[in-house]
Amino acid sequence: MKVLMIHNRYKIMGGEDVSTNAEAALLKDSGLDLETLIITNDSIEDENKIGLAINTVWSKKYHQLLLEKIKENQYDIIHVQNFFPLFSPSIFYAAKKAGTKIIMTVRNYRLICPNGLMYVHGAVCEQCVGKTIPYPALMKKCYRESLGATSVTVGMLAVHNMLNTWDAKVDGYICISEFVKNQLKKGGFKADKLHVKYNFVVTDLPPVYEPEDCFVYLGRISTEKGIDILLDAFQKNKKKLLIIGDGPLKQEVVQASKMYSNIEYLGKLPLKDSYKIISKAKALIFPSKWHEPFGRTIVEAFAHGTPVVGAKMGGVTELIKDGYNGFLFDPSNTAGLNQAIDALDSVEDKVKLRQNAFESYKNSFTPEKNLKSILEIYNAFLQK
């Protein structure tokens, strides 16, 4: 089996990029004949706005490039991790023209929502889901708070919805959670084309069943991640909180760390260093206010035997079993988070809670189980 994996990397590496890199490495290490075609958004600065808008809808450059690569290498499968914005949906047409199977991993809501988050102006938004022309986004300027930028993503979706690109040119989709799958179904995608495969985590650090007296947050420091609730909760409960990451609300975190001695900002750390801190924490706090497609840091916590206190949003509810490997809370207010933290603190057998978290990892999120799943999906596509 010969596979070409395609990915448009973000300027600031996030969970999607980490998961894509891990998946590519896993497949290569397994002996699969895998080639990668990766570009980054760094080159966007070199594009004029009109040219970028056109290319987001249809890139002649990458359409032709993929046609030539398929002709030269005769791939069995083209696996797209992210096409936005530089590759564009034109690559689906190239694969279909060449007669090569093409699948896409769905790691966000870009195919049904112009800003890819289903979250705008501090609230969950599903107004564009299922609409051929997702015009509500224009009124909200939901992509980068810009009418121009939003018009580009709305245009891309409208054109390819009308062309039936997502059904006619793509053989199938790998959804990273049941929640993502259900959202695509609401958006009109056919259920028989949607497969679910969770992300996985690689680590050689063993779980620690005697944690230190602290909690940890790891991730992007932004509004949709619930940073306001996080800071407010720990300003009130006075428990020790370590924050790892970077993002637009960094200064709010820095300020809070100066004002409150129980809040410590560690900045952005290498993954191995982050894992060491997570493994020794009483729990990972995951306060997202948007519908997280998956929640990679939750699994990173489980992989080190650390339970998670997480918001009842999106794919999070598929990972956390309340009272078993963590606790869930309503992210609409600070009280819910503190109640969940208190519930975790009151658990008598905390070692069992941590063992359950590690079992959750072993049962569903190891590289071995992921490799088995993705190869089964590949083979199923080839047999169609």
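Everything in this summary refers to the structure shown in the same document. Every chain is numbered independently, its residues counted from 1 as its sequence is written. Two thresholds apply to this predicted model, a pLDDT of at least 70 for residue-level local features and 80 or more for giving and counting side-chain atom pairs, whereas whole-chain, interface and lining totals are computed over all residues. The side-chain values count all of the structure's non-hydrogen atoms but skip hydrogen atoms and water molecules.

In this section: the pairing of strand S7 (residues 172-175). Summary of the burial criterion: residues with accessible area below 20% of their type's maximum are buried, those above 50% are exposed, and those between are partly exposed, where the area comes from a 1.4 Å probe applied to protein chains only. Numbering goes from the N terminus for both helices and strands, where a helix is a DSSP run of H or I of at least four residues and a strand is a run of E of at least two. Alternating positions in S7 separate into two faces, Gly 172 and Ile 174 on one and Tyr 173 and Cys 175 on the other, with burial throughout. As defined by bridge partners, strand S4 (residues 101-106) adjoins S7 across four bridges and the pair is classed as parallel. Residue pairing across strands places Val 106 opposite Cys 175, the latter belonging to S7. Relative to strand S8 (residues 194-196), S7 is paired through three bridges, and the arrangement is parallel. Residue Ile 174 lies in a different strand from S8, and its bridge partner there is His 195. One crossover worth recording links S7 to the parallel S8 by way of helix H8 (residues 178-186), and it is right-handed. In this analysis, strands are considered paired if DSSP registers two or more bridges between them. Viewed with both strands pointing away, a crossover whose connecting path from the first strand over the helix to the second turns clockwise is right-handed.

Attention now moves to the packing of aromatic side chains. Whether two aromatic rings pair depends on their centres lying within 6.5 Å, for rings of Phe, Tyr and Trp, where Trp uses its six-membered ring; planes under 30 degrees apart make the pair stacked, over 60 edge-to-face, and the rest tilted. Taken as a whole and judged by the stated rule, the model has 14 aromatic pairs. Both rings, one in Trp 58 and one in Tyr 93, keep their centres 5.0 Å apart while their planes meet at 65°; by these two values the pair is edge-to-face. With Trp 58 in the loop between helix H2 (49-57) and helix H3 (60-73) and Tyr 93 in helix H4 (residues 90-98), this residue pair connects regions lying 35 residues apart in the sequence. The class for Trp 58 is partly exposed, based on a relative accessible area of 29%. Seen from their ring centres, Tyr 198 and Phe 365 are 5.6 Å apart, and the 55° between their planes marks the pair as tilted. Highlighted residues: Tyr 198 in the loop between S8 and strand S9 (215-218) and Phe 365 in the loop between helix H15 (350-364) and helix H16 (367-383), separated in sequence by 167 residues. Accessibility expressed as a relative area gives 22% for Tyr 198, which makes it partly exposed.

Buried residues of nine kinds, namely Ala, Val, Leu, Ile, Met, Phe, Trp, Tyr and Cys, make up a nonpolar core once their side-chain atoms join them within 4.5 Å. Counting 70 residues, the largest nonpolar core has Ile 78 and Phe 83 as the members making the most contacts within it. Contact partners of Phe 83, with chain neighbours within four places excluded, come to Asn 8, Ser 88, Pro 89, Ile 91, Phe 92, Met 104, Leu 111, Met 156 and Trp 166. Judged by nonpolar contacts, the second largest core, of 30 residues, contains Ile 227, Ile 229, Leu 231 and Ile 285. The contact definition used throughout considers only heavy atoms, calling two residues in contact when any of these lie within 4.5 Å.

Right, let's talk about the sheet that holds strand S3 (residues 77-82) for a bit. Strands belonging to one sheet form pairs held by backbone hydrogen bonds; the direction of such a pair is parallel or antiparallel. The strand order S2-S1-S3-S4-S7-S8 describes an open sheet built from six strands, whose pairing is parallel. Edge positions in the sheet fall to strand S2 (33-40) and S8, since each has one partner strand and no second. Between one strand axis and the next, the sheet turns by 20° as a mean value, whatever way the strands run. An axis is simply a line fitted to the C-alpha atoms; with a helix, the fit covers only the stretch in contact. Between two such axes, the angle follows the N-to-C directions and lies from 0 to 180 degrees. Running over the sheet, helix H1 (residues 15-29) touches strand S1 (2-9), S2, S3 and S4 and is turned about 160° from S1. The sheet contacts of H3 involve S1, S2 and S3, and relative to S2 the element is tilted by about 165°.

Quick look at the sheet that holds strand S12 (residues 283-286) now. Strand order across the open sheet formed by six strands is S11-S10-S9-S12-S13-S14, with parallel pairing between neighbours. Each having just a single partner strand, strand S11 (263-267) and strand S14 (326-329) make up the two edges of the open sheet. Across this sheet, the average inter-strand angle for adjacent strands is 25°, counted without regard to direction. In terms of strand pairing, strand S13 (residues 308-311) meets S14 through four bridges, oriented parallel. When the sheet's bridge partners are listed, Val 308 is paired in S14 with Gly 326. Strand contacts of helix H11 (residues 271-279): S9, strand S10 (241-244) and S11, with the helix running at about 150° to S9, the strand carrying the most contacts.

Here the focus is the side chain of Asn 338. Following the sequence through the fold, Asn 338 ends up in helix H14 (residues 334-345). Look at Asn 338 and you get buried, because its relative accessible area is 14%.

This brings us to the pairing of S12. Burial along S12 is two-sided: Ala 283 and Ile 285 and Leu 284 and Phe 286, pointing in opposite directions, are all buried. As defined by bridge partners, S9 adjoins S12 across two bridges and the pair is classed as parallel. By the bridge assignment, Phe 215 is partnered in S12 with Ala 283. Bridge analysis of S12 against S13 gives three bridges, and the strand direction is parallel. Counted as the bridge partner of Ile 285 is Val 309 from S13. In this fold, S12 hands off to helix H12 (residues 296-302), which returns the chain to S13; that crossover is right-handed.

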